[in-house]
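Chains, contacts and geometry: an overview
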Amino acid sequence: MATDLELKDGGVADNVVIIGGNACARQIGEKMEARNVPVVYIIRETAAGIQPGANVLEKAGVTDCRGGVGDFTLSVRQNGKRFTQRAGAVVIAENGDLRPDHEAYGLDLSPRVRPLSEIANGDLPDTVRPGESVAVFLHGLARESNPATTRTVMNSALTLARDKDLKTYVLTRNLKVAGNGLEKLYRSAREAGVVFVKFTWTAPEIRCSHQEIQVSFTDEATGVLFTLTPDVAAVDEILAPSPAFKQIQAAFKLRTDSAGFLQADNVHRFPVETNRKGIFAAGPARGLLGEHAWTADAGAAAEALTTVLQGKAPDSAHKAEINRNQCVRCLTCYRVCTYRAVRIDIARPRVIPEACAGCGVCAAECPREAIRFNPYEPSAVSAGIVDARLERSEELFTVAFLCGRSAVPAREQAFRNGWNAPPGLFMIDVPCAGSISVNHLLGAFQAGAGGVLVIGCHPDNCHSENGTLHAKSRIKELQNIFDKIDHPRDRVVSASLAANMDAGFVRIVEEFENRIAGFGAPDK
Ligand code: SF4
Ligand code: SF4
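Below or above, wherever it landed, is the structure these notes cover. Keep in mind the model is a prediction, meaning the values are calculated, not measured.

Basis of the calculations
- Residues numbered from 1 in each chain as written.
- Chains lettered and ligands numbered in written order.
- Predicted model: local features only at pLDDT ≥ 70, side-chain atom pairs only at ≥ 80, totals over all residues.
- Heavy atoms only, no water.
- Helix = DSSP H or I, 4+ residues; strand = E, 2+ residues; numbered from the N terminus.
- Contact = heavy atoms within 4.5 Å.
- Areas by Shrake-Rupley, 256 points an atom, 1.4 Å probe, with all protein chains shown as cover.
- Lys, Arg positive; Asp, Glu negative; His and termini not counted.
- Charge placed at Lys NZ, Arg CZ, Asp CG, Glu CD.
- Near = heavy atom within 4 Å.
- 1 Å grid on protein atoms, 1.4 Å probe; cavity = no way out; pocket = protein on both sides within 12 Å on 5 of 7 lines; lining within 4 Å.
- Sits in = over half its atoms within 2 Å of the grid points.
- Nonpolar A, V, L, I, M, F, W, Y, C, P; charged D, E, K, R; others polar.
- Phe/Tyr/Trp six-rings, centres within 6.5 Å; stacked < 30°, edge-to-face > 60°.
- Buried < 20%, exposed > 50% of the residue type's maximum accessible area, 1.4 Å probe, protein only.
- Points joined across faces, edges and corners; volume = space filled by probe spheres on them.
- Pairing = 2+ DSSP bridges.
- Axes fitted to C-alpha atoms, helices over the stretch in contact; angles between N-to-C directions.
- Core = buried A, V, L, I, M, F, W, Y, C linked by side-chain atoms within 4.5 Å.
- Expected span 1.5 Å × (residues − 1).
- Salt bridge = Lys/Arg side-chain N within 4 Å of Asp/Glu carboxyl O.

Moving on: the overall build of the protein chain. Across its full length, the protein chain holds 13 helices and 26 strands. Seen through its principal axes, the protein chain has C-alpha atoms that stretch 90 × 60 × 40 Å. Partitioning the intrachain contacts of the protein chain with sequence separation of at least 6 by distance along the chain shows that 66% fall at a separation of at least 24. As displayed, the protein chain offers around 24400 Å² of accessible surface, 48% of which is attributable to carbon and sulfur atoms. Averaging the positions of the 59 positive and the 61 negative side-chain charges in the protein chain gives two centres separated by 5 Å.

Quick look at the site of ligand 2 now. Taken together, Ala 320, Cys 337, Tyr 339, Ala 341, Val 342, Val 351, Cys 356, Ala 357, Gly 358, Cys 359, Gly 360 and Cys 362 are the residues near ligand 2. Mapping ligand 2 onto the cavity grids shows that it belongs to the second largest cavity. Here the residues of the shell around ligand 2 sort into ten nonpolar, two polar and no charged.

This structure, assessed with the given rule, holds nine aromatic pairs. Ring centres 5.9 Å apart and planes at 80° place the aromatic pair Phe 245 and Phe 261 in the edge-to-face group. Residue Phe 245 is found in helix 5 (residues 243-252), and its partner Phe 261 is found in the loop between helix 5 and strand 18 (279-281); the two are separated by 16 residues along the sequence. Taking relative accessible area as the criterion, Phe 245 reaches 2% and is therefore assigned buried. Given a relative accessible area of 6%, Phe 261 falls into the buried group. Here Phe 397 and Phe 426 contribute two aromatic rings whose centre-to-centre distance is 6.3 Å and whose plane-to-plane angle is 20°, an arrangement assigned as stacked.

For the rest of this paragraph, the subject is the layout of surface pockets. What the largest pocket holds in volume is close to 780 Å³. Sort the elements by how many residues they give to the lining of the largest pocket and helix 6 (residues 291-309) lands first, with three residues.

Okay, the sheet that holds strand 14 (residues 213-218) next. Spatially, the three strands line up as an open sheet ordered 13-14-15, and their pairing is antiparallel. Two strands lie at the open edges of the sheet, namely strand 13 (205-208) and strand 15 (225-228), each paired on one side alone. Going across the sheet, the axis of each strand differs from the next one's by a mean of 15°, ignoring polarity.

Here we come to empty space enclosed by the protein. To find leftover empty space, a probe the size of one water molecule is rolled over the atoms. Tallied over the entire structure, the rule returns three cavities of 30 Å³ or more. By volume, the second largest cavity is sized at about 80 Å³. Taken together, Ala 320, Cys 337, Tyr 339, Ala 341, Val 342, Val 351, Cys 356, Ala 357, Gly 358, Cys 359, Gly 360 and Cys 362 form the lining of the second largest cavity.

This paragraph deals with the nonpolar core. With 47 residues, the main nonpolar core has Ile 385, Phe 401 and Leu 441 as its most contacted residues. Secondary structure elements with two or more residues in this core: helix 7 (332-336), helix 8 (361-365), helix 9 (378-391), strand 23 (398-403), strand 24 (425-430), helix 11 (438-446), strand 25 (451-456) and helix 12 (467-484). By residue number, the principal contributor to this core is helix 12, which donates four residues. In contact with Leu 441, not counting residues within four places along its chain, are Phe 401, Ile 436, Val 452, Val 454, Arg 474, Ile 475, Leu 478 and Val 492. Formed by 26 residues, the second largest nonpolar core is a distinct cluster that contains Cys 24, Val 39, Ala 93 and Leu 309.

It is worth spelling out the environment of Lys 246 at this point. Considering the arrangement of structural elements, one finds Lys 246 in helix 5. Owing to a relative accessible area of 68%, Lys 246 belongs among the exposed residues under this scheme. For the pair Lys 246 and Gly 260, spaced 14 residues apart in sequence, the C-alpha separation works out to 7.7 Å.

This paragraph deals with helix 13 (residues 502-519). A rise of 1.5 Å per residue sets the reference length of helix 13, with its 18 residues, at 26 Å; its end C-alpha atoms lie 26 Å apart and thus fit the reference within 8%. All buried positions along helix 13 are accounted for by Asp 502, Gly 504, Phe 505, Val 506, Ile 508, Val 509, Phe 512, Glu 513 and Ile 516. On its buried face, helix 13 is in contact with strand 23, helix 10 (407-416), strand 24, strand 25 and strand 26 (492-496).

Further remarks concern the pattern of salt bridges. Scanning the entire structure with this criterion turns up 25 salt bridges. A salt bridge links Asp 64 to Arg 66; its shortest N-O distance comes to 3.2 Å. The class for Asp 64 is buried, based on a relative accessible area of 18%. Across the pair Arg 143 and Asp 101 runs a salt bridge, and its minimum N-O distance is 2.8 Å. Residue Arg 143 is located in the loop between strand 10 (134-139) and helix 3 (147-162), and its partner Asp 101 is located in the loop between strand 8 (97-100) and strand 9 (113-115); the two are separated by 42 residues in the primary sequence. Residue classification places Arg 143 among the partly exposed positions, given a relative accessible area of 42%. In the salt-bridge network here, residues are joined through shared partners; they are Asp 64, Arg 66 and Lys 253.

Below, the structure is given as structure tokens:
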């Protein structure tokens, strides 16, 4: 099929593979097809709900994904057969599992304690009597709720109060009714007799025996003690990664968040990016529930897919390159590359340029200095420091390596705010703090620096995931050497900040400069 997209030079696959067949996945597919981009769905189940004529691989799964943007090769298994599928870009919108959150309330599921979806489907215990029975919804008390669950709770509570004539309570911590139509739904539920009890500082005490559930609480507004013995209690359901997520994560070599969803806890990945360029996670694959969240993600995914297929996604100016003659095949580069840009070809590593994010971590970690990462090679950086040293008259000279994702924007904002850099400070912008090797640090000292500072992202929000941690561990290594030779260990230090922390940047630099001034110029 011809595509309206103007493909980047060398692009060999102009299609999108969508993993999943739910409403989020279908919206993404429809948006891409409206842009005349060929779409292939790969789904574990059958193609229910997907428009007729769509290209669907049913009851299929991906077992491996190689390559980079514009040229992915997926290994697919379907009905016992194995084959490959090309893809220009991939989006994963696989369904998670809805699981009742009863354990968070210290409850077991029983005829009286039901998952919210069962109550929403009208599945009530036989003991419930219209006009007599009490229903309680335990909503968002154990963890943050989301608007999709809130909508289900309010709809169900409204139905029980209005149609079943049950005395209905919703016990909640933070009822968010800002979403589409939720405020109106809330008012309708209250008018139908639903009692909403909000807990800000306290929590209800819940006891459960074979005979009954007892919920006791003190109303925070009136101070009155209430005890309810509901005939049915509904507990929220939370979205959890399904067993398929582990297999997808392994096939695509994705970093997950702490719960196991397919997008790492890292602000740089929002809204739909993963650690691999050209592979995106949307909707349930990144832990989102609800129609509105899925629609928003479908829009974001369609934009991101279009951008990468057109070759318009920002790309790194510098790429790592392996000198195979120097390589001893230790595979350190393969292990440390967050972006999965190092491929092993017949036991030899090779960097895939389309997948390389230009962080330089592999070059700094290679024990054989077999990875070229121009223009940040230690010898070139040292030569630059020597030149800068010759141009400056200050007796005390310091060097700061600044991560381009965090410290550089923070410094630029500080400049705009009128900050003047200390005259003896030489700043070197680098793509990632993790690109600074021990050789870079030693080179700076050999060039006459009295102190060396490396500033990177916060470790849990590092664009390269572990770049800041790599930098810190190398600095520690050098500090340990300094300890052994009785040299002040704090002549080399690291710091972390976010891109908007201009004041923090100034404070870090000033503290560093003052500390190094206290040590004085190094012996020549
Ligand atoms: S880290 Fe260096 S020596 Fe080890 S496999 Fe990679 S390129 Fe080769
Ligand atoms: S420079 Fe970074 S992204 Fe590129 S291959 Fe090396 S570690 Fe991977």
